[in-house]
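Secondary and tertiary structure notes
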Amino acid sequence: MESEKETDEKQNPVGIFDSGVGGISVVREIIRILPSEDLYVFGDSANAPYGVRPLKEVRELTLMHVERMIRERAVKAVVVACNTATSAAIAALRKRYASIPMIGIEPALKPAALFKQGGKVLVLATEMTIREEKYHELAKRFSDRAELIPLPAPEIVTLVEDGKQDSAEMDAYLADLFAPYEKAGIDAVVLGCTHFPFAADAIRRYWGKDVRIFDGAEGTARELKRRLTKNDLRNPSEGRGKIILENSGGEEKIRLSERLLGL
Ligand code: DGL
């Protein structure tokens with residue numbers, strides 16, 4: 001009986017949560033690295049952006065949605081594919097669900113700081129991510145390697161949520177946002193919010209090809225693979241996994257998520 005139960009559990013989906021459609025940038029990598037896993041993806045676009053909300057609210061919303069995923073979808077592991085929700089709630093989630101692997105995402109400061117000794121790194125994230133303890137602890141570890149310049153960019157979230165990730169409005173916003181920084185002075189840009197990889201083309205257009213861009217999606221997908229393997233939870237099936245996309249913002253956000261995923 002025991003082994004049957006284990007097989008069932010292995011076939012359960014991985015739950016992926018974001019404040020909106022941004023989590024799709026992590027889903028893309030998870031599909032690439034773990035193609036056989038079933039995924040249940042939930043975006044809370046009705047309540048996005050999270051990054052400008054009080055910490056307590058973001059924590060409560062995240063706990064509520066993850067609790068529902070576990071109860072209704074029997075997810076075998078959870079990826080909080082949102083830097084903001086991770087900084088607000090990952091500790092509480094791990095405490096509450098000690099037996100379910102909980103994978104968070106954090107800004108990819110490490111590869112960006114190690115890439116060039118003494119480099120200047122612009123760290124784009126939400127206001128909350130930059131304000132919270134988790135970011136400060138991470139930044140402290142790499143501050144002797146590179147100059148890390150945190151920069152909140154809330155409007156990128158709104159533009160991506162509106163499907164304007166590659167638009168004249170995005171270009172104009174980025175031009176204003178980056179204007180105080182000298183083009184020649186920046187070596188790397190960290191996309192510390194899961195919405196931002198969808199604006200990567202526009203960001204690259206501004207900075208040009210000599211500025212390296214880093215994001216945490218691949219690292220998070222690899223961490224999920226490691227944790228599923230360690231807990232013997234990998235789906236043994238060889239076919240492609242099923243992807244269920246849901247969003248509190250309704251059909252329009254689900255269609256946008258599909259487009260962002262390239263479906
Ligand atoms: N996608 C979220 C992140 O990675 C934040 C977007 C929001 O402000 O809702 O931080």
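Look up: the structure comes first, before these words.
Heads up: these notes are all about the structure in this document. (Residues numbered from 1 in each chain as written. Predicted model: local features only at pLDDT ≥ 70, side-chain atom pairs only at ≥ 80, totals over all residues. Heavy atoms only, no water.)

**Considerations on the overall build of the chain**
Broken down by element type, the chain carries 12 helices and 9 strands. C-alpha extents for the chain along the principal axes are approximately 65 × 40 × 35 Å. Considering the chain as a whole, with its 263 residues, one finds that 53% of them fall into the buried category. Of the roughly 12,300 Å² of accessible surface on the chain, 49% is carried by carbon and sulfur atoms. Across the chain, the centroid of the 39 positively charged side chains sits 4 Å from that of the 41 negatively charged ones. (Helix = DSSP H or I, 4+ residues; strand = E, 2+ residues; numbered from the N terminus. Buried < 20%, exposed > 50% of the residue type's maximum accessible area, 1.4 Å probe, protein only. Areas by Shrake-Rupley, 256 points an atom, 1.4 Å probe, with all protein chains shown as cover. Lys, Arg positive; Asp, Glu negative; His and termini not counted. Charge placed at Lys NZ, Arg CZ, Asp CG, Glu CD.)

**Digging into the pairing of strand S8 (residues 212-215)**
The pairing of strand S7 (residues 188-191) with S8 spans 4 bridges and is parallel. By the bridge assignment, Leu191 is partnered in S8 with Asp215. Between the parallel pair S7 and S8, the chain is carried across by helix H10 (residues 200-207), and the sense of this crossover is right-handed. (Pairing = 2+ DSSP bridges. Right-handed = clockwise from strand over helix to strand, strands pointing away.)

**Section: the packing of aromatic side chains**
Tallied over the entire structure, the rule returns 6 aromatic pairs. Geometrically, the ring pair formed by Phe178 and Trp207 is tilted, given 5.1 Å between the ring centres and 55° between the ring planes. In this pair, Phe178 sits in helix H9 (residues 168-178) while Trp207 sits in helix H10, placing the two residues 29 residues apart along the sequence. For the pair shown, Phe178 and Trp207 are each scored as buried. A connected cluster of aromatic rings, assembled from ring pairs, spans Phe17, Phe42 and Tyr50. Against the face of Phe42 rests Arg68, its NZ or CZ located 4.7 Å from the ring centre. (Phe/Tyr/Trp six-rings, centres within 6.5 Å; stacked < 30°, edge-to-face > 60°. Lys NZ or Arg CZ within 6 Å of the ring centre and 35° of its normal.)

**So, the sheet that holds strand S5 (residues 119-125)**
The sheet built from 4 strands is open, its strands ordered S6-S5-S7-S8 with parallel pairing. Edge positions in the sheet fall to strand S6 (146-152) and S8, since each of these pairs with one other strand and no more. Averaged over all pairs of adjacent strands, the angle between strand axes in this sheet comes to 25°, irrespective of strand direction. One ladder, built from 4 bridges, connects S5 with S7; its direction is parallel. For Leu124, the partnering residue across the bridge sits in S7 and is Leu191. Most of the contacts of H9 go to S6, to which it runs at about 130°, and overall it touches S5 and S6. (Axes fitted to C-alpha atoms, helices over the stretch in contact; angles between N-to-C directions. Contact = heavy atoms within 4.5 Å.)

**Comments concerning the site of the ligand**
As a matter of local geometry, the ligand sits amid 13 residues, with Ser19, Tyr50, Gly51, Thr84 and Thr194 nearest to it. Within the side chain of Asp18, one N or O atom sits 3.0 Å away from a nitrogen atom of the ligand. Between the ligand and Ser19, the relevant distance is 2.6 Å, taken from an oxygen atom to a side-chain nitrogen or oxygen of the residue. Calculation on the ligand without its partners gives an accessible area of 300 Å², and the protein chains cover 99% of this total. Here the shell around the ligand is composed, by residue class, of 5 nonpolar, 7 polar and 1 charged. (Near = heavy atom within 4 Å. Polar contact = N/O pair within 3.5 Å; in protein donor to acceptor, adjacent residues only side chain to side chain. Nonpolar A, V, L, I, M, F, W, Y, C, P; charged D, E, K, R; others polar.)

**A short note on the layout of surface pockets**
A volume near 420 Å³ is recorded for the largest pocket. Around the largest pocket, the lining is made up of 22 residues, and of these Gly104, Ile105, Glu106, Gly219 and Thr220 lie nearest the centre. At the level of secondary structure, the elements contributing two or more residues to the lining of the largest pocket comprise helix H4 (83-96), strand S4 (102-103), helix H5 (109-115), helix H7 (133-142) and helix H11 (217-230). Of the residues contributing to the lining of the largest pocket, the split by class is 9 nonpolar, 5 polar and 8 charged. (1 Å grid on protein atoms, 1.4 Å probe; cavity = no way out; pocket = protein on both sides within 12 Å on 5 of 7 lines; lining within 4 Å. Points joined across faces, edges and corners; volume = space filled by probe spheres on them.)

**Regarding the pattern of salt bridges**
Considering all chains together, one arrives at 23 salt bridges under this definition. One salt bridge connects Arg32 with Glu218, and the closest N-O pair in it is separated by 3.7 Å. Note that Arg32 is positioned in helix H2 (residues 24-33) and Glu218 in helix H11, a separation of 186 residues in sequence. Assessed through its relative accessible area of 35%, Glu218 is described here as partly exposed. Here the residues in one salt-bridge network are Glu29, Arg32, Glu218 and Arg222, joined through shared partners. (Salt bridge = Lys/Arg side-chain N within 4 Å of Asp/Glu carboxyl O.)

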